[in-house]
Amino acid sequence: MKKYSFLVFHRDYEAFLLKLREIGVVHIIEKEGAITEAIRQQLQQVEQTDKLIRSLEARGTQPATPAVVEDASALNDEINEILSAQASLVQRHTQLRKEMAETAPWGDFSAGIIKKLEEKDIRVRLFIASLRSWDPALVTDYDIFEISRSAGLVYFAWVDTGLPFPEIDADEVKLPAHAVSELETLKQEVEVEEARLNDRLNEIASTSLNALKAYRQQLLQDAELEKAFSTTTSEAGDKLRILEGWIPAETTEVLNRFLDQEGVFYLSESPVPGDAVPILLKNKGFASKFEMLGELYSLPGYKELDLTPFFAPFYTIFFGFCLGDAGYGVLMTIAALIARARVGKHLKPVATLVSYLGISTILFGLISGTAFGINLYETGLPGYSRMQELFVANGTDINSLLFALSLMLGGIQIIFGMVLKAANETVQFGFRYSLGTIGWIILLVGLAAVFGLNSYAGISMDVLRPWMYAVLAAGGILVLFLNTPGKNLLMNLGIGLWNSYNMVTGVMGDLLSYIRLFALGISSAILGFVFNSLALSVGTSIIGIFFMVIILVVGHSINIFMSGLGSFVHPMRLTFVEFYKNAGFSGGGRKYQPFRKLT
């Protein structure tokens, strides 16, 4: 990145900003307090419009011939009014349902007739009594009329002509404001209005969505322009304007040519320690699809290694390990490839990423021998039957190997992270600052090699012992005495001993964390097996097959969702905690966002 400072005469400043926006390479350095209340309101309006766009997209309407939208602001207001009206109608619908439930036991009646009776001093009063206290003889002895019975209650009316009310254990209730038929009419009117509003929203979604998106972009563009004005410094009695920004080093030639043509005075300089340099990731191909995952945690600091291309292969492997079902992987891959052909440009990287994860799941499903919860090692399929015989002959099974593989992958990623940490320290501070980390790499790799050769290659410890001592000596000197350049040996020894305690306990805890890869994979397989067993237990009759299909579809859908969620989250946790920690990742970078034209 290069830092630029522009000095522009105040009368030319607006035209300069508009042209600078056309080039679209300068990340403007915002000064404190640049976001005024007016800009904040503009950004809030952008966010509200964004929500409207997402709600319209969620309706799933098919695109139609675009409508001519003369005033997108009015369209935005209309959508807000419709959504507000819909919320009111939903509330009204709920009130009507409640009122209908309360009125239903009284049946249909005429409020007009009841009012005329009241004018002649004849009142119709309504009561509710429990069925146990109800005496049917009351209907014949008094001016009482049973209306209905429901849930152990009797609903009745008493015609009050001035005579005393009989002694009945009953509660009087208020006469309903509307009859059932009137409430039904009101409900139909609400439903008609809801349908009309829904049709209008569907029409907007199919014909005017692009216009609304353009309006949103225009709002954001206007807000960014106002922000650029707000972050400008005035000098020389308000006659000069000073603006600062960052640009990628490879675009300096284009910007310099523009500035020279416009006759703008500018200064260009390289970043110095302490500068808040924006971060522009430059990954391509496979690794670029994982940038969205890395940004969930943090962007790297300036001059810090971007770990995206280094964690991407591990994340892909870990996801497949956790889900570990070849059948689920096939479904994921097919769904992702279909989605990639249909979704917009901004979602294609997501679909591609899912296809990578699906392929990894297929591979690990074939290794673990699981497809839709079926244990392939017990099916007698060629290859799997032979592998099962080898497992039995060697007194092991696939689960024991997967358990060991999870720890092995964890150890590899931890060591790889330390190698990256050493490289990062060398780039940022100098080679001597990486000697302590290199010492730990020598110790961990060397000791692992010694014990591996002894345990699996059968090489005697008498042969390996000199090599082990050499590893301990070389690594120990680097770890204990060369860990912090610039300090004396005693100080380094104390720091080295403290770091050794933290490293040993930390690496053991980090390594054990990778057991989750095996645990999630085995739990996914077991849950799929359980759903298969439930489906087979319902029998083979027509009804049994019907319920079998339902259990299989619903059960495996639940398993794909739950296991997929775990497979997404836990490898991310291993990346952001164990791997980033051992790689010495600091982060805290701010994304490069150039001032550019959006419409």
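Before reading further, recall that the structure is shown in the block above.
This one's a predicted model, so the numbers in the text were calculated from it and none came from an experiment. (Residues numbered from 1 in each chain as written. Predicted model: local features only at pLDDT ≥ 70, side-chain atom pairs only at ≥ 80, totals over all residues. Heavy atoms only, no water.)

**Student:** How should the overall build of the protein be read in this particular structure?
**Tutor:** For the protein, the count of helices and strands is 19 helices and 13 strands. Relative to the 2.2 N^0.38 estimate, which gives 25 Å for 599 residues, the radius of gyration of the protein is 37 Å and therefore markedly larger than a compact globule would have. Per-residue burial for the protein yields a buried fraction of 38% across its 599 residues. Taking the intrachain contacts of the protein between residues at least 6 apart in sequence as the baseline, contacts between residues at least 24 apart amount to 78%. Total accessible area on the protein stands at roughly 33,400 Å², and carbon and sulfur atoms take up 61% of it. The distance from the centre of the 50 positive side-chain charges to the centre of the 61 negative ones in the protein is 9 Å. (Helix = DSSP H or I, 4+ residues; strand = E, 2+ residues; numbered from the N terminus. Rg over C-alpha atoms; globule rule 2.2 N^0.38 Å. Buried < 20%, exposed > 50% of the residue type's maximum accessible area, 1.4 Å probe, protein only. Contact = heavy atoms within 4.5 Å. Areas by Shrake-Rupley, 256 points an atom, 1.4 Å probe, with all protein chains shown as cover. Lys, Arg positive; Asp, Glu negative; His and termini not counted. Charge placed at Lys NZ, Arg CZ, Asp CG, Glu CD.)

**Student:** Sorry, what's going on with the pattern of salt bridges here?
**Tutor:** Should their charged atoms come close, side chains of opposite charge can pair. The tally for this structure, following the rule as stated, stands at 22 salt bridges. The partner of R125 in a salt bridge is E172, with the nearest N and O atoms 2.9 Å apart. Of this pair, R125 sits in strand β3 (residues 123-130) while E172 sits in strand β6 (residues 170-173), and the two are 47 residues apart along the sequence. R125 gets classed as buried once you look at its relative accessible area, which sits at 18%. (Salt bridge = Lys/Arg side-chain N within 4 Å of Asp/Glu carboxyl O.)

**Student:** Any chance you could explain the sheet that holds strand β5 (residues 153-160) here in plain terms?
**Tutor:** Two strands in a sheet stick together by hydrogen bonds in their backbones, pointing the same way (parallel) or opposite ways (antiparallel). One open sheet holds the four strands; their spatial order is β4-β5-β3-β6, and the pairing between them is antiparallel. A single partner strand is all that each edge strand has here, and the edge strands are β4 (144-150) and β6. The mean angle between the axes of side-by-side strands here comes to 30°, regardless of whether they run parallel or antiparallel. Judged from the four bridges that link them, β3 and β6 form a sheet pairing that is antiparallel. Paired with A129 across the bridge in β6 is A170. (Pairing = 2+ DSSP bridges. Axes fitted to C-alpha atoms, helices over the stretch in contact; angles between N-to-C directions.)

**Student:** I'm lost on the packing of helix α14 (residues 398-428) against helix α17 (residues 489-513) in this one. Help?
**Tutor:** Helix-helix packing: each pair is described by the crossing angle between the helix axes and the interaxial distance. α17 packs onto α14 with a crossing angle of 135° between their chain directions and a minimal axis gap of 9 Å. With respect to each other, α14 and α17 are oriented oblique. Along its contact with α14, which presents L407, G410, G411, I414 and M418, the element α17 presents M503, V507, D510 and L511. Looking at side-chain class alone, the contact of α14 with α17 contains six nonpolar, two polar and one charged residues. (Parallel < 35°, antiparallel > 145°, perpendicular 65-115°, else oblique. Nonpolar A, V, L, I, M, F, W, Y, C, P; charged D, E, K, R; others polar.)

**Student:** I tried to follow the side chain of T103 on my own but got confused; where do I start?
**Tutor:** For T103, the position within the fold is in helix α3 (residues 72-103). At 2.7 Å, the side chain of T103 and the backbone oxygen of E99 are in polar contact. Ignoring sequence-local partners within four residues, the contact set of T103 consists of F109, P176, H178, A179, V180 and L183. (Polar contact = N/O pair within 3.5 Å; in protein donor to acceptor, adjacent residues only side chain to side chain.)

**Student:** Even after reading the chapter, I still don't get the pairing of strand β8 (residues 240-247), so can you show me in this structure?
**Tutor:** Side-chain direction in a regular strand flips from residue to residue, so the side chains alternate between the two faces of the sheet. Pairing analysis gives eight bridges linking strand β1 (residues 2-9) to β8, with the strands arranged antiparallel. Each bridged residue has a counterpart across the sheet, and for L7 the counterpart in β8 is I242. As paired elements, strand β2 (residues 27-28) and β8 share two bridges and run antiparallel to each other. Each bridged residue has a counterpart across the sheet, and for I28 the counterpart in β8 is G245. As paired strands, strand β7 (residues 233-235) and β8 are joined by three bridges and run antiparallel to one another.

**Student:** What exactly am I supposed to notice about the packing of helix α2 (residues 37-57) against α3 here?
**Tutor:** Relative to each other, α2 and α3 sit at 65°, their axes nearing to 11 Å. Relative to α3, α2 is oriented roughly perpendicular. The handedness of the crossing between α2 and α3 is left-handed. In this structure, α2 contributes T49, L52 and L56 to the contact, and α3 contributes N76, I79, N80 and L83. In terms of residue class, the contact of α2 with α3 is made up of four nonpolar, three polar and no charged. (Left-handed = near helix turned anticlockwise from the far one by under 90°.)

**Student:** What is the right way to read the packing of aromatic side chains from this model?
**Tutor:** For any pair of aromatic rings, the description rests on two quantities: the centre-to-centre distance and the angle between the ring planes. Tallying each qualifying case throughout the model produces 34 aromatic pairs. Between F318 and Y514, the ring centres sit 5.8 Å apart and the planes meet at 70°, which makes this aromatic pair edge-to-face. Note that F318 is positioned in helix α10 (residues 308-323) and Y514 in the loop between α17 and α18 (515-536), a separation of 196 residues in sequence. The same class applies to F318 and to Y514, which are both buried. (Phe/Tyr/Trp six-rings, centres within 6.5 Å; stacked < 30°, edge-to-face > 60°.)

**Student:** Is there a simple way to explain the nonpolar core in this structure?
**Tutor:** Most often, soluble globular proteins keep nonpolar side chains buried together rather than apart. One finds F318, F321, M418, W440, Y514 and L517 to be the most contacted residues of the largest nonpolar core, which totals 28 residues. Elements supplying a minimum of two residues to this core: α10, α13 (384-393), α14, α15 (435-456), α16 (461-481), α17 and α18. Per element, the largest residue contribution to this core is six residues, and it comes from α14. In this structure F318 touches L409, Q413, Y514, L517, P571 and L574, once residues within four positions along its chain are discounted. Counting 23 residues, the second-largest nonpolar core is a separate cluster that includes V8, L243, F258 and Y592. (Core = buried A, V, L, I, M, F, W, Y, C linked by side-chain atoms within 4.5 Å.)

**Student:** Hey, could you run me through unusual backbone geometry in this one?
**Tutor:** With glycine set apart, most residues show a phi of negative sign, and most peptide bonds adopt trans. The backbone of A151 sits at a positive phi, close to 55°, despite the residue not being glycine. Mapping A151 onto the fold places it in the loop between β4 and β5. Looking at A151, the relative accessible area reads 76%, which means it is exposed.

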